[in-house]
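Below are the chains, spelled out letter by letter.
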Amino acid sequence: MNVLVATEKPFAAAAVNGIREIVEGAGHTLSLLEKYTEKEQLLKAVADADALIVRSDKVTAEVVAAAPNLKIVVRAGAGFDNLDLEACSAARIVAMNTPGQNSNAVAELAIAMMIYMSRGQFTPATGCEIQGKKVGIQAFGNVGRLVGRKAEAMGMSVMAIDPFIPAEKIKEMGAEPAASLEDLYSKCDFVSVHIPATPETIGSIGYDLVSKMPKGGVLVNTARKEVIDEEGLLKALTERPDLKYVTDIAPDRIAEFQEKCALRFFATPKKMGAQTAEANINAGLAAARQICGFFADGCTKFQLNKF
Ligand code: NAD
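A few points on the structure. (Residues numbered from 1 in each chain as written. Predicted model: local features only at pLDDT ≥ 70, side-chain atom pairs only at ≥ 80, totals over all residues. Heavy atoms only, no water.)

1. A look at the environment of tyrosine 185
Selection criterion: Counting from the N terminus, the helices are the DSSP runs of H or I reaching at least four residues and the strands are the DSSP runs of E reaching at least two. We call two residues in contact whenever any of their non-hydrogen atoms come within 4.5 Å of each other.
Structurally, tyrosine 185 can be placed in helix 8 (residues 181-187). Put simply, tyrosine 185 and asparagine 82 are 103 residues apart on the chain and 29 Å apart in space, counted from C-alpha to C-alpha. Those residues in contact with tyrosine 185, other than ones at most four positions away along the chain, are Gln138, Val191, Val193, Ile205, Leu209, Val210, Lys212, Met213, Pro214 and Leu219.

In structure tokens:
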């Protein structure tokens, strides 16, 4: 089988070497399309691919249509909003992600962002400490749970909410369950967002929630920019000069955030949550193993779509 790795933003060399070892070791061939700049390059490369590994690359209906042999696509990472699952299902292509493989990298970044904002973006102004503060984890999945554990180790108290995890279970996992999102936002000095971008969550965090935060509240977003209602958030930040927003995914209206919020706003220049050597390798190798498992014995663990 021909396994294509198509990455606009390439894996680290060590990850590619590891993927090659796994894929070729299982008797398949590996093709690479790295740092491509035009969609046409991807459309051409997928023409004879049986399997596809991508990172944040968009696998659209057009890509699926250009890949008549494709049987499986694996997003090396957690969020899979870059995969058109409907198009994959219609073409009977198994779509997977590699959950948990980059969670630690993202969780470390979320903690770093809390400290960075508490210390006035490392300007000499007097800052504050995160110890003794309360962090609210919005979605207690792989990343959210790790943020909770790390925050606790730093002396913070942890509250969490997740519509798919009962309060009892959240308690067992060491966090105080929030009764509602309003409860979480109104009681937490920091809110760390870990919801996926879905039709239900897109634009769901805006004025109503953020303006409920206590004095000095910091919203930390390592999830997706789409989950933020930018207009509502800007309104809350403008009305409340004590609130802060830090994000790993630059908002569309970044110039307005910068102008209105100055040091109360920070966005990483490029999404860097999963951008560590370890996460790169973990997610890349997991993707390669999942593909080999699928071809060897039909293993569909981590399949995202149904058909
Ligand atoms: P995960 O799948 O382990 O956890 C997601 C959690 O969200 C689950 O517990 C689930 O119950 C909950 N959830 C699902 N639908 C929801 C909804 N409609 N409303 C509220 N909660 C909902 O994912 P993860 O590994 O913890 O990653 C979380 C998100 O972080 C990903 O979806 C992705 O968008 C983002 N992410 C960003 C980076 C980065 O580089 N910044 C890297 C990895 C993941």
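2. Considering the site of the ligand
Under the convention used in this document: Working definition: residue near molecule or strand if any one of its non-hydrogen atoms lies within 4 Å of it. For the purposes of these results, a polar contact is taken to be a pair of N or O atoms within 3.5 Å, where, inside protein, one atom must be able to donate a hydrogen and its partner to accept one; residues adjacent in sequence count only when each atom of the pair is a side-chain atom. Here the open area of atoms and residues is found with the Shrake-Rupley method and a 1.4 Å probe, where only the protein chains shown may cover a residue. When residues are sorted by character, Ala, Val, Leu, Ile, Met, Phe, Trp, Tyr, Cys and Pro go into the nonpolar class, Asp, Glu, Lys and Arg into the charged class, and all the rest, Gly among them, into the polar class.
Taken together, 25 residues are adjacent to the ligand, and Asn142, Val143, Asp162, Thr222 and Asp248 come closest. Separating an oxygen atom of the ligand from a side-chain N or O atom of asparagine 142 is a distance of 2.7 Å. Taking threonine 222, its main chain carries an N or O atom lying 3.0 Å from a nitrogen atom of the ligand. Surface burial for the ligand is 84%, taken as the share of its 850 Å² of free accessible area covered by protein chains. Across the shell around the ligand, the residue classes break down as 11 nonpolar, nine polar and five charged.

3. Some thoughts on the nonpolar core
Under the convention used in this document: Put simply, a nonpolar core is a bunch of buried Ala, Val, Leu, Ile, Met, Phe, Trp, Tyr and Cys residues held in one set by side-chain atoms that sit within 4.5 Å of each other. Burial classes: relative accessible area under 20% of the type maximum marks a residue as buried, over 50% as exposed, and values in between as partly exposed (1.4 Å probe, protein chains only).
Core analysis: the largest hydrophobic core is formed by 29 residues, its most contacted members being Tyr185, Val193, Ile205, Val210 and Leu219. The biggest single contributor to this core is helix 10 (residues 230-239), with four residues. In this structure valine 210 touches Tyr185, Ile205, Leu219, Leu233, Ala236 and Leu243, once residues within four positions along its chain are discounted. Listed in part, the 26 residues of the second largest apolar core include Val106, Ala107, Ile130 and Ala151.

4. Details of the pairing of strand 3 (residues 51-54)
It is a general feature of regular strands that their side chains alternate between the two faces of the sheet. Under the convention used in this document: Strand pairing is assigned whenever DSSP identifies at least 2 bridges connecting the two strands.
The side-chain alternation of strand 3 yields two buried faces, one formed by Ala51 and Ile53 and the other by Leu52 and Val54. The pairing of strand 1 (residues 2-7) with strand 3 spans four bridges and is classified as parallel. When the sheet's bridge partners are listed, alanine 6 is paired in strand 3 with valine 54. Pairing analysis gives four bridges linking strand 3 to strand 4 (residues 72-75), with the strands arranged parallel. Across the sheet, residue isoleucine 53 finds its bridge partner in strand 4, namely valine 74.

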